[in-house]
Each structure stands twice: as structure tokens, then as C-alpha cells.
Amino acid sequence: MTDGTSPDLPARSRLVVLAGPTAVGKGTVAAAVRASHPEVWISVSATTRPPRPGEIDGVHYRFVPDEEFDRMIADDDLLEWAVVHKAARYGTPRGPVMEALAAGRPAMLEIDLQGARQVRETMPQALFVFLKPPSWEELVRRLIGRGTESEEERARRLATAREEMAAEKEFDVTIVNHEVHDAAEQLVGLMVLDHEHPPNNL
């Protein structure tokens, strides 16, 4: 683990890739960053799954049919994509990410583990952050308490989460999601552009 700084990162912008196990709160932390730090650009992933209650197309995700997702893959419009939980496909549209970085904006991808591995292959200069639950028991509680999945879906997600937890060592930095606002502020701290004032060790 490092303190989140690297002399190899460009001084004008930093791409942060946030990943972690299912139900750890990646989307909630990303939403807190979006609400408190509008200067941070956050990618909106495309997905073939249907919206959950309260989710808005173009804000939480871009909900697309399978045919459109196939087209995006064929046209190389996705920076990364994967089948998640052996069900729906998720992917990061390439164009908006490149535009944000070219403009020098601090930018963040909130994606699954498979996607993070793909991005590391093509953009190794990015900073990869693992969002970790306070404990396995708390992760299970959050997943069950969410109430948006069937029993079969919960079992599948928990099996996936066990595998995802083992991937922490692949990441540059770990943030423990004890409290959403604190985790969001730690994440924004990693986007500090002035390398003479790096963020505190996590």
C-alpha cells in the first residue's frame, strides 16, 4: 500500500479508479463525492441491467439494451466492460473519460474489480483505490439490508464478494468505508493535484 502519491502521475490531472466488493458502498461514496465536490468528474457506467428503484438513467447509470451494448463493444467505445455477478454487463464509455482527462479535471471511475483490472492494463498511471467494508459481517448486513436482490441474487453476490475481497493486494490504496462522508473525503484527498502537499497516509 502507498500513501496515494506517485512521481509518475501527471501533475495536471489524476484518474482515480474506485473498486471493491459488492455492497461495500461504492455508488454511495461516489454520490457523496458528486454532491460535495462538483469539480470532480465521475464516469457514468453503461449497464444492461434494469434500473433499481430511484435510479435515474444518465445519472446513476446509462441503462442500455443488449443490442446497444453489443454495438459499443464492436465500435471500441468502452474503456472496459465485464459481466458482473454472472448476470448483467457493465462498461465505462471511453470518450467522456478521455475528454475529462484532456481538460485536466480530476476524474474518477467507480467500477467493479474486473473492470479495474482492464483499466490497469491500458492506463497503469491511474491510481487504483480499494473500498473495503469495516468487516465481512458488516458487508453481509449491508447487502441483506439493501433489499433489492432476491435470495438467489444475494447468494451469488456474496460468493462474488468473497473473491473480490481477496483482490485488495492488487490496489495502490485501501479506504475502509466506516462512514460515507469520511470515505468520500479521503477519496477526494487522493486527487490532490499539488504534489508538494500530498494527502495523508490512509
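1. Digging into the overall build of the protein chain
On a plain count of helices and strands, the protein chain comes out with seven helices and nine strands. When burial is assessed residue by residue, the protein chain has 48% of its 202 residues classed as buried. Residue pairs at least 24 apart in sequence account for 70% of intrachain contacts in the protein chain once pairs closer than 6 positions are excluded. Accessible area for the protein chain stands at about 10,000 Å²; split by element, carbon and sulfur atoms hold 53% of it.

2. Considerations on the packing of helix H1 (residues 26-36) against helix H7 (residues 180-189)
Between two packed helices, the angle of one axis relative to the other and the distance separating the axes together describe the packing. The interhelical angle for the contact between H1 and H7, taken along N-to-C directions, is 70 degrees, at an axis separation of 9 Å. With respect to H7, the element H1 is oriented roughly perpendicular. The crossing of H1 and H7 is right-handed. On the side of H1, the interface is formed by Thr28, Val29, Ala32, Val33 and Ser36, while H7 contributes Val180, Ala183, Ala184, Glu185, Leu187 and Val188. Considering only residue class, the contact of H1 with H7 consists of eight nonpolar, two polar and one charged.

3. Overview of the environment of aspartate 182
Position of aspartate 182 among the secondary structure elements: in helix H7. It is 9.1 Å that separates the C-alpha atoms of aspartate 182 and valine 29, two residues lying 153 residues apart in sequence.

4. Some remarks on the sheet that holds strand E3 (residues 46-47)
Overall, mixed pairing links the four strands, which are arranged E4-E3-E6-E5 in an open sheet. Here the strands that pair on one side only, and so sit at the sheet edges, are strand E4 (62-63) and strand E5 (78-83). Note that E3 and E4 share two bridges and pair parallel. Bridge pairing links alanine 46 to arginine 62 in E4. Here helix H3 (residues 94-102) sits on the sheet and contacts E5 and strand E6 (89-93); the angle it forms with E6, its principal contact strand, is near 35 degrees.

5. Considerations on unusual backbone geometry
For alanine 23, which is not glycine, the phi dihedral falls at a positive 70 degrees. Residue placement: alanine 23 occurs in the loop between strand E1 (15-19) and H1. The buried category is assigned to alanine 23, whose relative accessible area is 13%. We note that aspartate 76 has phi near 60 degrees; this positive angle belongs to a residue other than glycine.

6. Concerning the confidence of the model for the protein chain
Confidence in the prediction of the protein chain, expressed as mean pLDDT, is 85, and 86% of residues score 70 or more. Below pLDDT 50 for its whole length, residues 1-12 participates in 32 contacts with residues either more than four positions away or in separate chains. Overall, residues 193-202 carries pLDDT values under 50, and its contacts beyond four positions in sequence, including any with other chains, amount to 23 contacts.

7. Quick notes on the nonpolar core
The biggest cluster of nonpolar side chains holds 25 residues, and the ones touching the most others in it are Val129 and Leu187. When contributions to this core are tallied by element, the ones reaching two or more residues are E1, H1, strand E8 (127-132), helix H5 (136-146), strand E9 (173-176) and H7. If we skip the residues at most four places from it in the chain, valine 129 touches Val16, Val17, Leu18, Ala19, Phe171, Val173, Ile175, Leu187 and Leu190. Listed in part, the 20 residues of the second largest apolar core include Val97, Leu109, Ile111 and Leu113.

8. Section: H1
All buried positions along H1 are accounted for by Lys26, Val29, Ala30, Ala32 and Val33. Angular distribution of buried residues about the axis of H1 spans 155 degrees; they occupy a single face of the element. On its buried face, H1 is in contact with E1, strand E2 (41-42), strand E7 (107-110), E8 and H7.

Cut-offs applied
- Residues numbered from 1 in each chain as written.
- Predicted model: local features only at pLDDT ≥ 70, side-chain atom pairs only at ≥ 80, totals over all residues.
- Heavy atoms only, no water.
- Helix = DSSP H or I, 4+ residues; strand = E, 2+ residues; numbered from the N terminus.
- Buried < 20%, exposed > 50% of the residue type's maximum accessible area, 1.4 Å probe, protein only.
- Contact = heavy atoms within 4.5 Å.
- Areas by Shrake-Rupley, 256 points an atom, 1.4 Å probe, with all protein chains shown as cover.
- Axes fitted to C-alpha atoms, helices over the stretch in contact; angles between N-to-C directions.
- Parallel < 35°, antiparallel > 145°, perpendicular 65-115°, else oblique.
- Left-handed = near helix turned anticlockwise from the far one by under 90°.
- Nonpolar A, V, L, I, M, F, W, Y, C, P; charged D, E, K, R; others polar.
- Pairing = 2+ DSSP bridges.
- pLDDT = per-residue confidence, 0-100.
- Core = buried A, V, L, I, M, F, W, Y, C linked by side-chain atoms within 4.5 Å.
- Arc of directions from axis to C-beta.

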